Amino acid sequence: MDLNSHIFKTSDYGKSWTKIVKGLDDPNGFARVVRADKKRKGLLYAGTETGLYVSLNDGANWQRLDLNLPVVAINDLTIQDNDLIAATSGRGFWILDDLGILQTINSDQKAVQIFQPKASYRIFGGVSKASPESIREGTNPRSGVTFDYYLDQDTDTLNLRLEVIQGDKVIRSYTNKEAEDFKTWPGGPAKPEALPAKKGVNRFTWDFNREAIPAINKLFVFGGLSGSSVAPGDFTLRMILEKDTVTTSAKILPNPTIQTSQADFAAQQNMLVTIENILRDMHKSVNQMRSAKSQLGHYAKLLKGNDKADTLIVRGDTLISRINTWEENLVQEKQKTFQDVINFNNKLNVQLIQLMSYIDQPDPAVTQGAKERFRDLMKDWDVYKKE
């Protein structure tokens, strides 16, 4: 019985044929299907009795592409939305998300390469809870812009940085380093996600969000500190490894099931960015005022008993009292868990966060109620901002 692969190619419309099976050397892995890539000439995919193979040179050489694909017969292959879909014999459908890396990879010897991702739809959620180790359940793609990059060495000891740029402004950044001084608490900041930095190909997903809101130490924030999501548009991904810098573009498309307009997105984004900037300013100011209170308290202890300093101590106590009153209108110190919201009402910062969450939806149209609430909170902030 002949179980060898038999794949032939013609370059003259069938007058002559060349056998292209170099690398397909599994004695039991005969080829069942061959497909050509839709974007890169010479990029071929072959499904065999035992798995998937790829050729970057029009079949002159084949390489096995395993990843997490089990040993399985592949009956058919197709490309949809730049994903490679394999129909297997008895083990379901398998999808290789985004063929961009195979379509753009070359032999350049660079320390770092970043590959342009396919356009991403602005769709939130939908991530499967299936265990990554399970081969019985599918795992949906993560929500966001998923892209691949290549490192020529492990970079654990080097500085790798990713910057997401909109226009000329960096709106989100990541590094491969774990934050050494990172601290959290109930209602506190989420641990920053670190960039994978192993030798070879790495994959990462930017979740559409801007940079997180700065935390206030030990303050429980009902609603979280995540940044808001961006609108559809064009972005730049800039990756920096020590002195080497590479960039690529990324496009976010609107959810095709939502009927909306560019004007709706513009109004939504204007409101979201305004709220975010106020929250950053507010939390930074509270942190600065807390530092000032600490210094005033420290000097009061040092000057205690010094009759000449009585006036300064009184002025310091007055200033501390004024800062406390100002802060109590901005943040709720008494909340320690989400249940405390019932007993201790939210202050201005969480009211803004809740409004931001309400506005930051897949449908960008801002309701009249949200606009009115926004105006009310802006008036409140104007009062405390001037103090």
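Owing to the predicted nature of the structure, the values given are computational and were not obtained by experimental measurement.

Asks: How would you explain the overall build of the chain if you had to name every residue and give the values?
Replies: Looking only at helices and strands, one finds five helices and 17 strands in the chain. Computed over its C-alpha atoms, the radius of gyration of the chain comes to 28 Å, more than 25% above the 21 Å expected for a compact globule of 387 residues. When the backbone C-alpha atoms are referred to their principal axes, the chain occupies close to 105 × 50 × 40 Å. With the model as given, the accessible surface of the chain reaches about 22,500 Å², and the carbon-plus-sulfur share is 51%.

Asks: Just give me the short version of the environment of Arg238, but keep the residues and values in it.
Replies: Tracing the backbone shows Arg238 in strand S16 (residues 233-241). With a relative accessible area of 27%, Arg238 lands in the partly exposed category. C-alpha separation for the pair Arg238 and Lys19, spaced 219 residues apart in sequence, amounts to 43 Å. If near-sequence neighbours (up to four positions away) are discounted, Arg238 is found in contact with Arg161, Leu162, Glu163, Ile165, Val170, Thr245, Val246 and Thr247. Within the structure, Arg238 has its side chain in polar contact with the side chain of Glu163 (distance 2.6 Å).

Asks: Summarise the layout of surface pockets; cite the residues concerned and give the values.
Replies: If you add up the space inside the second largest pocket, you get close to 830 Å³. Around the second largest pocket sit 31 residues that line it, and Phe182, Pro189, Ala190, Pro192 and Ala212 are the ones nearest its centre. If one sorts the elements of the lining of the second largest pocket by residue count, strand S14 (residues 169-175) sits on top with four residues. Taken together, the residues of the lining of the second largest pocket sort by class into 13 nonpolar, six polar and 12 charged.

Asks: Give a description of the packing of helix H2 (residues 262-303) against helix H5 (residues 368-385) that names residues and reports values.
Replies: With their axes 12 Å apart at the nearest point, H2 and H5 run at an angle of 25 degrees to one another. With respect to H5, the axis of H2 lies roughly parallel. Relative to H5, H2 is oriented so that their crossing is left-handed. Contacts between H2 and H5 involve Met271, Thr274, Ile275, Ile278, Asp281 and Met282 from the former and Lys371, Phe374, Met378 and Trp381 from the latter. When its residues are assigned to classes, the contact of H2 with H5 shows seven nonpolar, one polar and two charged.

Reading the values: the criteria
- Residues numbered from 1 in each chain as written.
- Predicted model: local features only at pLDDT ≥ 70, side-chain atom pairs only at ≥ 80, totals over all residues.
- Heavy atoms only, no water.
- Helix = DSSP H or I, 4+ residues; strand = E, 2+ residues; numbered from the N terminus.
- Rg over C-alpha atoms; globule rule 2.2 N^0.38 Å.
- Areas by Shrake-Rupley, 256 points an atom, 1.4 Å probe, with all protein chains shown as cover.
- Buried < 20%, exposed > 50% of the residue type's maximum accessible area, 1.4 Å probe, protein only.
- Contact = heavy atoms within 4.5 Å.
- Polar contact = N/O pair within 3.5 Å; in protein donor to acceptor, adjacent residues only side chain to side chain.
- 1 Å grid on protein atoms, 1.4 Å probe; cavity = no way out; pocket = protein on both sides within 12 Å on 5 of 7 lines; lining within 4 Å.
- Points joined across faces, edges and corners; volume = space filled by probe spheres on them.
- Nonpolar A, V, L, I, M, F, W, Y, C, P; charged D, E, K, R; others polar.
- Axes fitted to C-alpha atoms, helices over the stretch in contact; angles between N-to-C directions.
- Parallel < 35°, antiparallel > 145°, perpendicular 65-115°, else oblique.
- Left-handed = near helix turned anticlockwise from the far one by under 90°.

Any functional reading would require information beyond the geometric quantities listed.
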